[in-house]
Amino acid sequence: MAEEVQGQTADEESDSSESSEATIAVHWREEGYYPPPPKFIGQANASDPAIVARFAEENFPECFREYADLLSWDEYWHTTLDTSNPPFWKWFTGGKLNASYNCVDRHLAEHKNKAALIWVPEPEDAAHVVVTYQELYRQVNEFAAVLQAAGVKAGDRITLHMPMVPELPVTMLACARLGAIHSQVFGGFSGAACGHRIADSTSKILITMDSYYRSGVVQDHKVKADEAVEAARKEGTEVEKVLVWRRFPGQYSSETPMVEGRDFFVDELLADHLGAVVAPVSMPAEAPLFLMYTSGTTGRPKGCQHSTGGYLAYVTGTSKYYQDIHPDDTYWCMADIGWITGHSYIVYGPLSLGTTSVIYEGTPNYPDAGRPWRIAERLGVNIFHTSPTAIRMLRKVGPDEPAKYDYHFKHMTTVGEPIEPEVWRWYYKSVGKGEAVIVDTWWQTETGGFIGTGLPALNPMKPGSCGPAALGIYLDILDENGEAIPQGSGKAGNIIVRNPWPGIFETIWGQPDRFVSTYFAKYNKDPDSKDWHDWPYFAGDGAVQSEDGYFRILGRVDDVINVAGHRLGTKELESSALAVEEIAEAAAVPVIDDVRGRAVEMYVSLKPGIEPSPEIEAKVKKAIETDIGKIARPQNIWIVPDMPKTRSGKIMRRVIAATSNFADVGDITTLANPEIVDQIRHQVQNAKHARGEVPRELTEAEEAEIKSFGSE
């Protein structure tokens, strides 16, 4: 096992008078360092320290040619970074390429018989499905021919609502082959949530699947398609075709009937296009590749638009240097393609590098907590990538399971939300067996790929810290006034990126003003400036930087709740609750959860004359599950007599969040109804005590996060 090198303890002073949404005193001790194993360094893609100098700020933006040169271009670009219309940056303008070609066709000469994808169905007795690069080429071309016959052309938006099956990357790559913009909605989301996203992108085609396995049960997925079509119709978008893949060949596994003239089985359509070859459409580098919807603090989801050239270059480069992917690796990202992690680091990054990418259909603890390690052993997985939520869950239900299986990882990634140092150490010692490097990453749907993380062969690991900035990314921490907070000060603030980078999203689909106001307006001092230095990217996360330059992420500074790595907008949650007839007010807050990181708790007050009842709670829960999905199911729903409010009527979410987490509610003298706080605290905390839900003592960082949630 690698030797742990002890770090220094930070001597940090607290100053509560300076605390705000973006400046919070932090008191944790400095963690020690874990050096990368020499065996890993010897084979790493990035083991020469000179790479850091190549990406230094004086070489920006041309340093990112190194990433772009990993791709095959139809036409080379003439401008690496076009800053003529800030902050709508364009990367590699003048260049043309096709993402499908880069992920499939170009590997055929050397790797056509190598596995591109290995699909592991959830039933353990089911055979694995191996898709070679040659077979992937065939499937992508044939399905591209199906889409072409349906009238799909470059620039069309196609919505996908699919589970974790190999047909999902095939569908994505077929869209990309034609230059169509795919929008994959997380399979666990409700039909209504899918419909909202269809309407926002004005998609005319929905591609789905009849069923899939989840925790040992075959789920009827097609039923959500009908709900999605109806929801989109209500918002003015008519879906013309629904293409349905079948989970079991030749067998329809949904109780929902197919709609004549609208719904079509994909396997039947493919019969007319066997052996078809569709030439990849050469797309401008700045052409959209996909939309990835993420929650925001307003009810309307944000369709993050990612480019073809910049995005693909960035995920390819970061997959090579940070994931350390080689063509002969067997790589498993245990995430869902419905989120940006799966797009970037299951599909586009790994396949662009010509490696073997594993896809698992089901839940990681089915039928037991040993399942991931049996998969890793059987397939010879040597790179493993998952979220802190999954790590916490597996640690809780099967702490000794990894030792039972003969697998050996060289590299492990953690992604999605900050990982606690003690959980990190279990991941390192038990899952990695002390042999693997851990890359702890910070990034977002909007960033496209990693932006905070260490190079695994060059930077020692530090539990709980994502590391320094990624290559070519220049991070800073600012206070509310835009002043830099010195590293090593023990003060947290808003983490920002000072420069554009190729993976950053181009805009919010159909909402350019929201793109500017949400991500750039906060620290922009000159809206007319064409200088990228004047347009820092506001990430909406709080962070602190240690003396050594490593960053530790605190979590969201806005009203978004991160549940198991899935960002849920409070406005979406509250809008669903308010759709229940009896509800007058609603507030969603986070509660610390040792498995999921954060869970949702809903507070609702009723209209006059309505009495509280379990039936009303059930209605709220059902409304949220219907509108958003089970991932958003509240841990508790509290019916309270009133909400703590300011004199202007704003609900004080930080007071409610503190109550849910047994934290200090802080100053309530500005409330219009301060007496309600004790009533709510008595009701909620007594009920939690009675249920045995009293949480552990919060860390300083967690308490600071709760206190800053929904700050006025």
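Use the structure listed above.
Reading the values: the criteria
Residues numbered from 1 in each chain as written. Predicted model: local features only at pLDDT ≥ 70, side-chain atom pairs only at ≥ 80, totals over all residues. Heavy atoms only, no water. Pairing = 2+ DSSP bridges. Helix = DSSP H or I, 4+ residues; strand = E, 2+ residues; numbered from the N terminus. Axes fitted to C-alpha atoms, helices over the stretch in contact; angles between N-to-C directions. Contact = heavy atoms within 4.5 Å. Salt bridge = Lys/Arg side-chain N within 4 Å of Asp/Glu carboxyl O. Buried < 20%, exposed > 50% of the residue type's maximum accessible area, 1.4 Å probe, protein only. Phe/Tyr/Trp six-rings, centres within 6.5 Å; stacked < 30°, edge-to-face > 60°. Parallel < 35°, antiparallel > 145°, perpendicular 65-115°, else oblique. Left-handed = near helix turned anticlockwise from the far one by under 90°. Disulfide = S-S within 2.5 Å. Expected span 1.5 Å × (residues − 1). Core = buried A, V, L, I, M, F, W, Y, C linked by side-chain atoms within 4.5 Å. Polar contact = N/O pair within 3.5 Å; in protein donor to acceptor, adjacent residues only side chain to side chain.

A. Structural view of the sheet that holds strand β18 (residues 356-360). Taken in spatial order, the seven strands line up as β6-β5-β18-β17-β19-β20-β21 in an open sheet, and their pairing is mixed. Across the chains shown, the open sheet's two edge strands, defined by having one partner strand only, are β6 (129-132) and β21 (437-440). When the angles between neighbouring strand axes are averaged without regard to direction, this sheet yields 20 degrees. The pairing of strand β5 (residues 115-120) with β18 spans four bridges and is classified as parallel. Looking at the pairing, Val120 lines up with Tyr360 of β18. Contacts from helix α6 (residues 133-149) reach β5 and β6 within the one sheet, and its direction differs from that of β6 by about 85 degrees.

B. Examining the sheet that holds strand β30 (residues 597-606) more closely. Taken in spatial order, the three strands of this open sheet run β29-β30-β31, and their pairing is mixed. Looking at strand neighbours, the two that pair on one side only are β29 (583-593) and β31 (636-639), the edges of this open sheet. On average, each strand axis in the sheet is tilted by 25 degrees relative to the strand beside it, whichever way the strands run. Inspection of the sheet shows β29 paired to β30 by 10 bridges, in the antiparallel sense. The residue of β30 that forms the bridge with Ile592 is Arg598. Of the strands in this sheet, β29 and β30 touch helix α17 (residues 570-578), which is tilted by about 135 degrees from β29. Across the face of the sheet, helix α18 (residues 614-627) comes into contact with β29, β30 and β31 while running at roughly 130 degrees to β31.

C. Quick peek at the pattern of salt bridges. Enumeration over the complete set of coordinates arrives at 37 salt bridges. Residue Asp226 pairs with Arg262 through a salt bridge whose shortest N-O separation is 2.8 Å. You can see Asp226 sitting in helix α9 (residues 222-234) and its partner Arg262 sitting in the loop between β12 (241-245) and β13 (263-265), a full 36 residues away along the chain. Notably, a salt bridge pairs Glu585 with Lys645, separated by 2.9 Å at the nearest N-O pair. With Glu585 in strand β29 and Lys645 in the loop between β31 and α19 (653-660), the pair connects residues that are 60 residues apart, well separated along the chain. In the salt-bridge network here, residues are joined through shared partners; they are Glu124, Asp368, Arg371 and Arg374.

D. Highlighting helix α8 (residues 191-201). Most of α8 is tucked away, with 10 of its 11 residues classed as buried. Gly191, Ala192, Ala193, Cys194, Gly195, Arg197, Ile198, Ala199, Asp200 and Ser201 are the residues of α8 that are buried. The positive-phi residue at the C-terminal boundary of α8 is Thr202, with phi of around 50 degrees.

E. Expanded view of the packing of aromatic side chains. Going through the model one piece at a time under the given rule, you end up with 47 aromatic pairs. Taken together, a centroid distance of 4.9 Å and an interplanar angle of 65 degrees make the contact between Phe60 and Trp532 edge-to-face. With Phe60 in the loop between α2 (50-54) and α3 (65-68) and Trp532 in the loop between α16 (512-519) and β25 (537-545), this residue pair connects regions lying 472 residues apart in the sequence. Classification of Phe60 by relative accessible area gives buried; the value is 10%.

F. Spatial organisation of the packing of α19 against helix α20 (residues 675-691). It is the contact of α19 with α20, at a shortest axis distance of 9 Å, that shows an interaxial angle of 30 degrees. Considered as vectors, α19 and α20 are oriented roughly parallel to each other. The element α19 and its partner α20 pack so that their crossing is right-handed. Contacts from Val655, Thr659 and Ser660 of α19 reach α20 at Val677, Ile680, Arg681, Val684, Gln685 and Lys688.

G. Focus on the state of the cysteines. Summed over the entire model, instances satisfying the criterion amount to zero disulfides. Cys103 takes part in no disulfide bond, and the closest cysteine sulfur, belonging to Cys175, lies 13 Å away. Left without a disulfide partner, Cys466 is nearest to the cysteine sulfur of Cys333, which lies 17 Å away.

H. Here's a closer look at helix α11 (residues 309-321). If you check α11, its first and last C-alpha atoms are 18 Å apart, about what 13 residues at 1.5 Å a residue would give, namely 18 Å. Here α11 lies mainly inside the structure; 12 of its 13 residues are buried. Among all positions in α11, only Gly309, Gly310, Tyr311, Leu312, Ala313, Tyr314, Val315, Thr316, Gly317, Thr318, Ser319 and Tyr321 are buried.

I. Expanded view of the nonpolar core. Phe64, Leu136, Phe143, Ile207 and Tyr348 are the most contacted members of the largest nonpolar core, which totals 111 residues. With sequence-adjacent residues up to four places away left out, Tyr348 is seen in contact with Ala99, Cys103, Met172, Leu173, Ala176, His182, Leu289, Phe290, Tyr311, Leu312, Val315 and His343. Ile583, Val589, Met602 and Leu698 belong to the second-largest nonpolar core, a separate cluster that totals 61 residues.

J. Fine view of the pairing of β29. Most of β29 sits out of view: 10 of its 11 residues are buried. Between β29 and β30, which pair antiparallel in sequence order, lie three residues.

K. Representation of the environment of Glu585 in the model. Each C-alpha atom of the pair Glu585 and Ser605 lies 5.2 Å from the other, and the pair is 20 residues apart in sequence. Leave out the neighbours within four places in its chain, and Glu585 touches Leu578, Tyr603, Val604, Ser605, Asp642, Met643, Lys645 and Ile651. In terms of polar contacts, Glu585 uses its side chain to reach the side chain of Lys645, at 2.9 Å.

L. Region of interest: the environment of Asp272. As for its placement among the helices and strands, Asp272 is situated in the loop between α10 (266-270) and β14 (283-284). With a relative accessible area of 63%, Asp272 lands in the exposed category. Spatially, the C-alpha atoms of Asp272 and Glu230 are 30 Å apart, while their sequence positions differ by 42 residues.

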